[in-house]
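Observations on the model geometry
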Amino acid sequence: MGKVEAMVNVNGVVTALARATIPVTDRGFLYGDSVYEVFRTQEGVPLFLNDHFDRLENSAQLIHMRISQSRVELIEEIRLTIAATGATRENALYVRCQITRGEGPMDLYPEPGLETRYVVIVKALPTWKAEFYSRGLDLAIPRIRRNPVNALDPNIKGGNYLNNILALSEAKNMGSDDSVMLTREGFVTEASNSNVWFVIDGQLVTPGQGNLRGLTKMHIHRALKGAGIKSMESDIHVNELHDATECFVTSATRDVMPCATLRLEDGTCLVFPDGGGKITHQTRDLFSAYVRAYVEQHQSESLV
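Residues numbered from 1 in each chain as written. Predicted model: local features only at pLDDT ≥ 70, side-chain atom pairs only at ≥ 80, totals over all residues. Heavy atoms only, no water.

**Observations concerning the packing of aromatic side chains**
Evaluated as defined, the whole model comprises 5 aromatic pairs. Look at Phe48 and Tyr294: their rings are 4.8 Å apart centre to centre, the planes differ by 65°, and that puts the pair in the edge-to-face class. Here Phe48 is found in the loop between strand 4 (45–46) and helix 2 (49–62), whereas its partner Tyr294 is found in helix 7 (residues 278–297), with 246 residues between them in sequence. Judged by its relative accessible area of 11%, Tyr294 falls in the buried class. A cation sits over an aromatic face here: Arg96 above Tyr36, 3.8 Å from the ring centre. (Phe/Tyr/Trp six-rings, centres within 6.5 Å; stacked < 30°, edge-to-face > 60°. Helix = DSSP H or I, 4+ residues; strand = E, 2+ residues; numbered from the N terminus. Buried < 20%, exposed > 50% of the residue type's maximum accessible area, 1.4 Å probe, protein only. Lys NZ or Arg CZ within 6 Å of the ring centre and 35° of its normal.)

The structure is reproduced here in structure tokens:
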């Protein structure tokens, strides 16, 4: 397997990661005025590519941004950036496509008609600690609450992550690996950058409010349904977590990652099976098979 050099494409200029630049007046830099998507490749095939672009375009619509570049243009720029990394189909890649509103006057109000800037980052897929799968993550509920939906829609996958950063920092200071964020009313939303799932009273459930509509989450629901296994999205109050027997998180780079513990605000520590329980293992196995089938069916979409 060849070595992958991390590369960045800024509006068509492809450079090594350390040499990439954007103007300091870019609104994405100044105000977090941007949207983005992250996906991974397997055997050169980008997983759920059209779903990611659908969500990118939806995020842009939610912040009233018109993306200047077409989907076809952006995919071609991603392909060119991947080629510059020296990757082969054997390399699993991390691909981030970020769209900023571009440059304009240093004012909060974005002038209409700004030309959006694209930034494509391609590098080797990160490798998580082996114990995160053999044992699981340690999670904690911080005091920081999730932004209300009517203040900042969680389905805007945007460049301003301060809410999540503060929650994650607090959880790290508590000795945990990640946070699980609550609404002001005490309902579970998501982890800092992944969806969270629980087995409660034998039912596999993931929060139905205050979280990003995760694409890995969506495809896991489909994989489970195809196997005749019920999963659901529902409001989960923090008080219900005492009845949880399993917990895991999902994202584009983690797939299905088990959780070993969850520390509540009152200091109570919920303990889950090392490496995940029966339903966690079943979900992980089914999703792995689902992804393998997807890759086989989408070989024509390979970017390598």
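**What about the sheet that holds strand 6 (residues 117–124)?**
In space, the 6 strands of this open sheet follow the order 2-1-6-5-3-4, with antiparallel pairing throughout. At either end of the open sheet lies a strand with only one pairing partner, and these are strand 2 (13–16) and strand 4. In the sheet, strand 1 (residues 7–10) pairs with strand 6 via 4 bridges, with the strands oriented antiparallel. Note on strand 6: the bridge partner recorded for Val10 is Val119. Against the sheet, helix 2 makes contact with strand 3 (34–42), strand 4 and strand 5 (93–100), and its axis sits at roughly 175° relative to strand 3, the strand it touches most. Contacting strand 3 and strand 4, helix 7 runs over the sheet at an angle of about 90° to strand 3. (Pairing = 2+ DSSP bridges. Contact = heavy atoms within 4.5 Å. Axes fitted to C-alpha atoms, helices over the stretch in contact; angles between N-to-C directions.)

Note that all results are geometric; they support no functional claim without further evidence.
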